[in-house]
Amino acid sequence: MNFSLSSKAITATKTDCLVIGLPEKGEWPETTKAADEALGGLIKQLDKAGDVTGKNASVNTFPLIDQPWKRIIVVGTGKDSERNLANYRKALIATLGALKDGPSSNALICLADTTFQSQDAASSEEARLNLIGRTLEEQLYTFTDYKSEKPAARKLNKVVIQTSTADKPRKDALNLGLATGRGMNFTRDLGNTPPNICHPIWLAEQAENMAKEYDNIKTEVLDEKQMEKLGMNTILAVGKGSKQPPRLIVMEYRGGSTKDKPYALVGKGITFDSGGISLKPGEGMDEMKYDMGGSASVLGTMQVLAETKPKINVVAVIAAAENMPDGGASRPGDIVTTLNGMTVEILNTDAEGRLVLCDALTYVKKFEPQAVVDLATLTGACIIALGHHATGLLSNNDELANELLSAGERSGDRAWRLPLWDEYQSQLDSNFADMANIGGRPAGTITAACFLSRFAKDYRWAHLDIAGTAWNSGKAKGATGRPVPLLVDYLMSHAG
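The notes below deal with the structure included here.

Here is what the cut-offs are and how they apply
- Residues numbered from 1 in each chain as written.
- Predicted model: local features only at pLDDT ≥ 70, side-chain atom pairs only at ≥ 80, totals over all residues.
- Heavy atoms only, no water.
- Salt bridge = Lys/Arg side-chain N within 4 Å of Asp/Glu carboxyl O.
- Helix = DSSP H or I, 4+ residues; strand = E, 2+ residues; numbered from the N terminus.
- Buried < 20%, exposed > 50% of the residue type's maximum accessible area, 1.4 Å probe, protein only.
- Pairing = 2+ DSSP bridges.
- Phe/Tyr/Trp six-rings, centres within 6.5 Å; stacked < 30°, edge-to-face > 60°.
- Lys NZ or Arg CZ within 6 Å of the ring centre and 35° of its normal.
- 1 Å grid on protein atoms, 1.4 Å probe; cavity = no way out; pocket = protein on both sides within 12 Å on 5 of 7 lines; lining within 4 Å.
- Points joined across faces, edges and corners; volume = space filled by probe spheres on them.
- Nonpolar A, V, L, I, M, F, W, Y, C, P; charged D, E, K, R; others polar.
- Expected span 1.5 Å × (residues − 1).
- Axes fitted to C-alpha atoms, helices over the stretch in contact; angles between N-to-C directions.
- Parallel < 35°, antiparallel > 145°, perpendicular 65-115°, else oblique.
- Contact = heavy atoms within 4.5 Å.
- Left-handed = near helix turned anticlockwise from the far one by under 90°.
- Core = buried A, V, L, I, M, F, W, Y, C linked by side-chain atoms within 4.5 Å.

## Points about the pattern of salt bridges
Applying the stated rule across the entire model yields 25 salt bridges. The partner of aspartate 16 in a salt bridge is lysine 70, and the shortest N-O contact between them spans 3.5 Å. One end of the pair, aspartate 16, is in strand S2 (residues 15–23); the other, lysine 70, is in strand S4 (residues 69–78), and 54 residues separate them in sequence. Where lysine 268 meets glutamate 352, a salt bridge forms, and the shortest distance between an N and an O atom there is 3.4 Å. With lysine 268 in strand S9 (residues 263–273) and glutamate 352 in the loop between strand S12 (343–345) and helix H10 (353–363), this residue pair connects regions lying 84 residues apart in the sequence. A single burial state applies to lysine 268 and to glutamate 352, both of which are buried. Where salt bridges share partners, they join Glu125, Glu126, Asp167 and Arg170 into one cluster.

Listed below in structure tokens is the structure:
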């Protein structure tokens, strides 16, 4: 697919399809006015007749004759007072839904001049171009690698986005959006890959392939013998019930000064979670291939960094294992010693994510990070608390938490902060070890983060529980690519 910007008059661009935005009430964008004038007032006539309404995300397509454009898509952008990032994105998605499988081979999209009422960064033209680029890549995604009969290729192969001026800041904004969309799609590819293919060694190979493709990425993979020598017994405890051995994947992107301390991402990479001896119910267990959503998001984010080359240093640590229930698997009641020397009583083998993460959080300390953000499809309790709209956020540092919340608002990939109070820590008490790996049903998301916090005392740390946002179930089943947009926005806000 070819994407580009244009600042020429829209009548100077011949295309199969012109896309314009129509507000429900209020001032029309300049491109909509220009299209209406070129069409002899057609848009006004359609609006007056009720053939188009301007209602947000409504889409109408009309054929044209003797015009630079063969057809026009009029997408409703809603009322000025209700126009925000979320509704703007809905309008973009509706537009691409009508465009991507239609008869047009190329299109001119004139939606970057649709403004918001708010005056924050999300209302700037650069921010809108970023979102348009990201949404284009995201909505044009398909995953058909394992279908014997491939769908017919789409006719659409070129998209031009109209902008006030095609200067470097706007080109950079579009390119960052496109790169973010590609990072999301890489994340989705990894999550959608079946677990008989996507196991810890395969996941490590994807990281190694990235290092081969991009000279600004360095990858190291630790096998089970190396982890055993270091004392990473909790990762090993999770993986020992599977024929697929665990791996610790360490990636470095060095785009900043050599003196700058890195930002760190830590991802949970459980490539399939049967629950182990604490076996999960069979219904819906196929979706446990998405239990490596945290690691997939880390890899997707690293790809964005590799492509866009921001001036920042980032290290990524992925703890990859498969949680299976064979004769060598960990049992409820086992006690293991973590990398930092503390002991854990495993009361439930289905609370394995925190076990692989705790050793990774200890390991990442060696890089002296400025801040650490871990990502994990960690608790079903987070879905009960927040549903599938917001990622759960817990942190030991208010400034870091606020930075991540702001990044989520700017990107539309939102998170919601939950408390991490000391009062919850007592739920992890064990009679036989330093701590238990579960704290009972009450506040399950919080007690899971309390467990992790014990291994993150030496640096600024935040935990993102993406159990409700990393994938969709039902008819739209598939990985979402979240929270790559949040992470990219957060890291870019710190780039030199």
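## Topic: the environment of isoleucine 318
Mapped onto the elements, isoleucine 318 comes out in strand S10 (residues 313–323). The buried category is assigned to isoleucine 318, whose relative accessible area is 0%. Taking the C-alpha atoms as reference points, isoleucine 318 and serine 493, separated by 175 residues in sequence, lie 23 Å from one another.

## Some details on the sheet that holds S12
Ordered in space as S11-S12-S16, the three strands form an open sheet in which the pairing is mixed. Taken across any chain shown, the strands that pair with only one partner, and hence form the sheet edges, are strand S11 (335–337) and strand S16 (435–436). By the bridge criterion, three bridges tie S11 to S12 in an arrangement that is antiparallel. The residue of S12 that forms the bridge with valine 336 is valine 344.

## Thoughts on the pairing of S10
By the criterion of burial, S10 is predominantly enclosed, with 11 of the 11 residues buried. Judged by which residues are buried, S10 turns out to be covered on both faces: Asn313, Val315, Val317, Ala319, Ala321 and Asn323 on one side and Val314, Ala316, Ile318, Ala320 and Glu322 on the other are all buried. Relative to S10, strand S8 (residues 247–254) is paired through eight bridges, and the arrangement is antiparallel. Considered in S10, the bridge of tyrosine 253 is made with valine 314.

## Considerations on the packing of aromatic side chains
Under the criterion given, the structure shown has seven aromatic pairs. Considering the side-chain rings of tryptophan 421 and tyrosine 424, the 6.1 Å spacing of their centres and the 25° angle between planes classify their relative orientation as stacked. Using a relative accessible area of 52% as the deciding quantity, one classes tryptophan 421 as exposed. Positioned above the aromatic ring of phenylalanine 367, the side-chain terminus of lysine 366 is 5.6 Å from the ring centre.

## Examining empty space enclosed by the protein
Evaluation of the coordinates by the stated rule reveals three cavities of 30 Å³ or more. The computed volume of the largest cavity comes to approximately 80 Å³. Lining the largest cavity are 13 residues, and of these Ala237, Val238, Asn323, Ser330 and Thr349 sit closest to its centre. Tallied by class, the residues present in the lining of the largest cavity amount to seven nonpolar, five polar and one charged.

## Quick notes on the layout of surface pockets
If you add up the space inside the largest pocket, you get close to 1,200 Å³. Along its surface, the largest pocket is lined by 42 residues, and Arg89, Ile93, Glu138, Thr480 and Arg482 are the ones closest to its centre. Broken down by secondary-structure element, the contributors of at least two residues to the lining of the largest pocket are helix H3 (85–99), helix H4 (125–139), helix H5 (168–192), helix H12 (398–411), strand S18 (471–472) and strand S19 (478–479). Reported here for the second largest pocket is a volume of approximately 910 Å³. Only S9, H10, helix H11 (380–386) and helix H13 (444–453) provide two or more residues apiece to the lining of the second largest pocket. With four residues, H11 is the largest single contributor of residues to the lining of the second largest pocket.

## Description of H5
Relative to the 36 Å expected for 25 residues at 1.5 Å per residue, H5 spans 35 Å between its end C-alpha atoms, a close match to the ideal helical length. Counting buried positions along H5 gives 18 out of 25 residues, so the element sits mostly inside the fold.

## Overview of the packing of helix H6 (residues 200–213) against helix H9 (residues 293–308)
Running from N to C, H6 and H9 point in directions that differ by 5°, and their axes come no closer than 11 Å. In terms of axis orientation, H6 runs roughly parallel to H9. The residues of H9 that touch H6, namely those facing Leu203, Ala207 and Met210, are Ser295, Leu299, Met302 and Gln303. Class assignment of the residues belonging to the contact of H6 with H9 gives a composition of five nonpolar, two polar and no charged.

## Here we look at the packing of H4 against H5
With their axes 7 Å apart at the nearest point, H4 and H5 run at an angle of 30° to one another. Taken together, the axes of H4 and H5 lie roughly parallel to each other. Like other packed secondary-structure pairs, H4 and H5 cross with a definite hand, here right-handed.

## A word on the nonpolar core
General note: in soluble globular proteins, nonpolar side chains tend to be found buried as a group. In terms of nonpolar packing, the biggest core is built from 50 residues, with Leu203, Met251, Leu299, Met302 and Tyr490 touching the most fellow members. Per-element tally for this core: the top contributor is H9, with six residues. Apart from residues no more than four positions distant in its own chain, leucine 299 is found in contact with Phe186, Leu190, Leu203, Ala207, Met210, Met251 and Ile318. Among the nonpolar cores identified, the runner-up in size contains 46 residues, and Leu222, Met227, Ala237 and Leu357 belong to it.

## Some thoughts on unusual backbone geometry
Note on backbone geometry: most residues besides glycine have negative phi, and most peptide bonds are trans. With an omega dihedral of 5°, the bond running from arginine 482 to proline 483 counts as a cis peptide bond. Mapping proline 483 onto the fold places it in the loop between S19 and helix H14 (484–492). For aspartate 66, which is not a glycine, the phi torsion comes out positive at approximately 55°. Inspection of the secondary structure puts aspartate 66 in the loop between strand S3 (59–63) and S4. Aspartate 66 gets classed as exposed once you look at its relative accessible area, which sits at 76%.

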